[in-house]
Amino acid sequence: MADFSFFILMQREFKIASRSVQQFLLPISFFSLVVLLFPLGLNPSPQLLQTIAPGILWVAALLAILLSLDNLFREDYEDGFLELLVLSPRPLALLLAGKVAGQWLIIILPLLLIASLFGIFLGLPNHSLGTLLISLLIGTPCLMLIGAIAAALTVGLQQSSVLITLLLLPLYLPVLIFGSSAVQHASTGLSSNPQLYMLSSLLILTLTLAPLAMSAAIKISLSQ
Amino acid sequence: MMITHYLHKIASPAAFYLFCGRCLPWLIALFFIVLALGLYGGLVTAPADYQQGDAFRIIYVHVPAAWMSLFIYLVMAINAAVALIWRIKISEVIVVSSAYIGASFTFLALVTGSLWGKPMWGTWWTWDARLTSELVLLFLYFSIIALYNAYEDKRVASKAISILALVGVINIPIIHYSVVWWNTLHQGATVTKLDKPSIHIDMLIPLLEMAFAFNLYYLISLMQRARNEILKREFNSLWVKKLCQESSNE
């Protein structure tokens, strides 16, 4: 019989999210806020904004995901759902991957919409908007998966949000570099394929290894 | 068979504690001899650089420190794998003890590099690939230390940082090459491409001596930290109590 546990976990995330609009709104509102701060904090000259737009959009997306990570496993940890997952006969890595995939789907759609909107506001050329969306589509699952390892390691701890930030700062660098330089290349009319290929290979690496690290981390967090 | 038997014996905390205690005086003596040789060679006998003059002599601290910062991470990651797979207590202790020493060496490499950069490149800091990845390495060490301190139960903490160390070791090459690529995409090498002639043999020998001295220092510092950590973890066990009695009797 086919193993549907991955999809069941994904569906569960959707159901929970659909009952509180906050889950959808928090990452987007944070994203918009960060993007808005840059034109206000720097000066709103179109040339400047156009050159730094890829960086701003990617940094904002990264921060929005970072913000959502603290709550990724917290409720499930507190109400005991994670312990049930660990006890279940299905592989824990698969179950957790389903959960993270569900969370990613909840965040990504609104994020893509708002990112393309702000891309236009910041003066990104139209032909680079596609690259922006593709790079976010490939890059954000990497961020979620790597972030989920840190969230799993810190789920039982007190100051977890500070710790998550510190843990992820070095690990997020490659995704940020390749993601924003892909958009930068596209906006200057160069080919962004190399960066997108690198992002895709990072995605494959994290897709295969991160769930294993996550499940090991969850077991450690629950053992204390 | 002999070797595995010996390894099993040394992997017990009590035996490791005593073994380190016996090694330490010898290692410290050897460290001072090699350090004196290296410093004398580096500061006195090595010829001044044709371009940088005497200022290049900071290389004898900077380069060994940078090597150690990477080497210690590697030691840490190997011990993390051992700790997770075979649950060997000593490896757990080595992981956490190394993190502090590694962070110090990374910091030393960054500071000496910055001091060297000011007169040579005319700036304290550039966003050069090597500098940036060294800074990232420092943050990796910091995150490991912070995570360790956040857990109450130190055995659980050791397992958690072992996972983080392994995630980090996969990421180090990726981070390094992404930063290299990022930098070449943006500004290209401008200040860092000082022509580097292959190093003269009189300069190289003191450098290797210093690297050896730094390794010895790491070993000494690691053993002392590990002994402390073992005592803290095993303070309730019989052999520690016996040890305390013996030392109070003397």
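Residues numbered from 1 in each chain as written. Chains lettered and ligands numbered in written order. Predicted model: local features only at pLDDT ≥ 70, side-chain atom pairs only at ≥ 80, totals over all residues. Heavy atoms only, no water.

1. Observations regarding the overall build of chain A
Phase 1: When its secondary structure is counted, chain A shows 9 helices and 0 strands.
Phase 2: For chain A, the N- to C-terminal ordering of α and β elements is α-α-α-α-α-α-α-α-α.
Phase 3: For chain A, the C-alpha radius of gyration of 18 Å lies close to 17 Å, the compact-globule estimate for 224 residues.
Phase 4: Summarising its shape, the C-alpha atoms of chain A cover approximately 55 × 35 × 30 Å along the three principal directions.
Phase 5: Evaluated residue by residue, chain A yields a buried proportion of 54% over its 224 residues.
Phase 6: Counted over contacts in chain A with a minimum sequence separation of 6, partners at least 24 positions apart contribute 81%.
Phase 7: With the model as given, the accessible surface of chain A reaches about 10,000 Å², and the carbon-plus-sulfur share is 71%.
Phase 8: Charge-centre separation for chain A: the mean point of 7 positive side chains lies 6 Å from the mean point of 8 negative side chains. (Helix = DSSP H or I, 4+ residues; strand = E, 2+ residues; numbered from the N terminus. Rg over C-alpha atoms; globule rule 2.2 N^0.38 Å. Buried < 20%, exposed > 50% of the residue type's maximum accessible area, 1.4 Å probe, protein only. Contact = heavy atoms within 4.5 Å. Areas by Shrake-Rupley, 256 points an atom, 1.4 Å probe, with all protein chains shown as cover. Lys, Arg positive; Asp, Glu negative; His and termini not counted. Charge placed at Lys NZ, Arg CZ, Asp CG, Glu CD.)

2. Section: the overall build of chain B
Phase 1: When helices and strands are tallied, chain B shows 8 helices and 0 strands.
Phase 2: Start at the N end of chain B and walk to the C end: the helices and strands fall as α-α-α-α-α-α-α-α.
Phase 3: Within chain B, buried positions represent 45% of all 250 residues.
Phase 4: Partitioning the intrachain contacts of chain B with sequence separation of at least 6 by distance along the chain shows that 79% fall at a separation of at least 24.

3. Things to note about unusual backbone geometry
Phase 1: For Arg87(B), which is not glycine, the phi dihedral falls at a positive 55 degrees.
Phase 2: Residue position: Arg87(B) is located in the loop between helix H3 (59–86) and helix H4 (89–121).

4. Some details on the interface of chain A and chain B
Phase 1: Contacts between the two partners involve 31 residues from chain A, matched on the other side by 26 residues from chain B.
Phase 2: Across the interface of chain A and chain B, roughly 2,400 Å² is buried in total on both sides, 85% from carbon and sulfur atoms.
Phase 3: Broken down residue by residue, the surface that chain A buries against chain B is led by Leu153(A), Leu171(A) and Ile220(A), which jointly contribute 22%.
Phase 4: The interface formed by chain A and chain B contains 0 salt bridges.
Phase 5: For the interface between chain A and chain B, the tally reads 1 residue pair in polar contact (both at pLDDT 80 or more).
Phase 6: The set of elements that each furnish at least two residues to the side of chain A that touches chain B consists of helix H7 (129–154), helix H8 (160–187) and helix H9 (193–222) of chain A. (Buried area = accessible area lost by both parts, 1.4 Å probe. Salt bridge = Lys/Arg side-chain N within 4 Å of Asp/Glu carboxyl O. Polar contact = N/O pair within 3.5 Å; in protein donor to acceptor, adjacent residues only side chain to side chain.)

5. A few points about the environment of Ile33(B)
Residue and element names in this part refer to chain B.
Phase 1: Structurally, Ile 33 is set in helix H2 (residues 13–45).
Phase 2: Residue class for Ile 33 comes out exposed when judged on its relative accessible area of 53%.
Phase 3: As for Ile 33 and Ile 78, which are separated by 45 residues in sequence, their C-alpha atoms are 30 Å apart.

6. Structural notes on helix H3 (residues 46–69) of chain A
Note on helix geometry: an α-helix contains 3.6 residues per turn, so any two residues three or four positions apart are oriented the same way.
Phase 1: Between the first and last C-alpha of H3(A) there are 33 Å, a value that for 24 residues agrees with the 34 Å anticipated at 1.5 Å per step.
Phase 2: When the local axis directions of H3(A) are compared, the greatest deviation, roughly 55 degrees, occurs at Ile52(A), which is followed within four positions by the proline Pro54(A). (Expected span 1.5 Å × (residues − 1). Bend = angle between axes of the 7 residues up to and from the residue.)

7. Here's the deal with the domain arrangement of chain B
Often, the extent of an interface is quoted as the loss of accessible area upon association of its parts.
Residue and element names in this part refer to chain B.
Phase 1: Domain boundaries assigned for chain B yield domain 1 (19–47 + 200–223) and domain 2 (57–192).
Phase 2: Overall, the association of domain 1 and domain 2 removes approximately 1,400 Å² of surface from exposure, summing both partners, and the carbon and sulfur fraction of that is 76%.
Phase 3: Considering only the side of domain 1, the residues that lose the most area to domain 2 are Leu 207, Phe 214 and Tyr 218, jointly responsible for 46% of the buried surface there.
Phase 4: At the boundary of domain 1 and domain 2, one finds 0 salt bridges.
Phase 5: Inspection of the domain 1/domain 2 interface yields 2 residue pairs in polar contact (both at pLDDT 80 or more).
Phase 6: For the side of domain 1 that touches domain 2, the elements supplying multiple residues, two or more each, are H2 and helix H7 (201–233).
Phase 7: Tallied by class, residues from the side of domain 1 that touches domain 2 come to 13 nonpolar, 3 polar and no charged. (Domains from an automatic or database assignment. Nonpolar A, V, L, I, M, F, W, Y, C, P; charged D, E, K, R; others polar.)

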